[in-house]
Amino acid sequence: MPKLPEHSSPEVKLDAGAAFVETALTREQRRGLFEAPGMVVVAIVELSSTSYTGHAEGEEKKPSVKLRVTGCEVARTDEEAAALLEAKRAMWRGRRIEGTLDEIGNGPRHAEHVLEERFATYPTEAEYQQQEQAKEDRAAERRRVQHAN
């Protein structure tokens, strides 16, 4: 397995194969995506790395990894889509609060868990807003102290 220097972050490329996405879409969703450009479907997608480049010592290429969709489930109701979007937002809030919004890592992998159970420990919208307000308050206090000096 290749190892990259700590400061290096590989470019991510998506494999052209979309068979898992295609099979997860209903006939109506496929037609809608074709007939109504801009239509959105919400899905849980599993990605697996298939190849990598630029990892050898002294290699001039920027490191990159190619990903393939190896699993996909598309929301089929408005309720499913809303639950998936809330899960996505909860994960975003978690990364934002942890200060890891731009970091690359393993992340959650246990799709078999029920959403409510899986995201019960993630920040609520109120907790996220409270954290953001506290961050703004600290910044304002630092500016006030700097201005006073």
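Preceding this paragraph is the structure being described.
Keep in mind it's a predicted model, so treat the numbers as computed, not measured.

## Observations regarding the overall build of the protein chain
Scanning the protein chain from N- to C-terminus turns up five helices and three strands. Element order for the protein chain, N to C, with α for helix and β for strand: β-α-α-β-β-α-α-α. The 149 residues of the protein chain split such that 20% are buried. When the accessible surface of the protein chain is split by element, carbon and sulfur atoms take 52% of a total near 11800 Å².

## Re the sheet that holds strand β1 (residues 11–14)
One open sheet holds the three strands; their spatial order is β1-β3-β2, and the pairing between them is mixed. Edge positions in the sheet fall to β1 and β2 (43–53), since each has one partner strand and no second. For this sheet, the mean angle separating the axes of adjacent strands, direction not counted, is 35 degrees. Note that β1 and strand β3 (residues 64–74) share four bridges and pair parallel. Along β3, the bridge assignment pairs Leu14 with Leu67.

## Considering the pattern of salt bridges
Scanning the model with the defined rule gives six salt bridges in all. For Arg68, the salt bridge identified is with Asp15, shortest N-O distance 2.8 Å. Taken together, the residues span a long stretch of sequence, with Arg68 in strand β3 and Asp15 in the loop between β1 and α1 (19–24) at a distance of 53 residues. Taking the relative accessible area as the measure of exposure, Arg68 reaches 38% and is therefore partly exposed. Among the ionic pairs, Lys135 bridges to Glu132, the shortest N-O distance being 3.3 Å. One end of the pair is Lys135 and the other is Glu132, both in helix α5 (residues 125–148) and three residues apart, which spans about a single turn.

## Side note on a nonpolar patch on the surface
A cluster of nonpolar side chains, namely Leu14, Val45 and Leu47, defines an oily patch on the protein surface of about 280 Å² accessible area. By secondary structure assignment, the location of Val45 is in strand β2.

## Section: the nonpolar core
Counting five residues, the largest nonpolar core consists of Ala24, Leu25, Val69, Cys72 and Val74. Broken down by element, this core gets its largest block of residues, three residues, from β3. Ignoring sequence-local partners within four residues, the contact set of Leu25 consists of Arg30, Leu33, Val41 and Val74.

Parameters at a glance
- Residues numbered from 1 in each chain as written.
- Predicted model: local features only at pLDDT ≥ 70, side-chain atom pairs only at ≥ 80, totals over all residues.
- Heavy atoms only, no water.
- Helix = DSSP H or I, 4+ residues; strand = E, 2+ residues; numbered from the N terminus.
- Buried < 20%, exposed > 50% of the residue type's maximum accessible area, 1.4 Å probe, protein only.
- Areas by Shrake-Rupley, 256 points an atom, 1.4 Å probe, with all protein chains shown as cover.
- Pairing = 2+ DSSP bridges.
- Axes fitted to C-alpha atoms, helices over the stretch in contact; angles between N-to-C directions.
- Salt bridge = Lys/Arg side-chain N within 4 Å of Asp/Glu carboxyl O.
- Patch = residues over 30% accessible without salt bridge, like charges linked within 9 Å, V, L, I, M, F, W, Y side chains within 5 Å.
- Core = buried A, V, L, I, M, F, W, Y, C linked by side-chain atoms within 4.5 Å.
- Contact = heavy atoms within 4.5 Å.

Keep in mind these values describe shape, not function.
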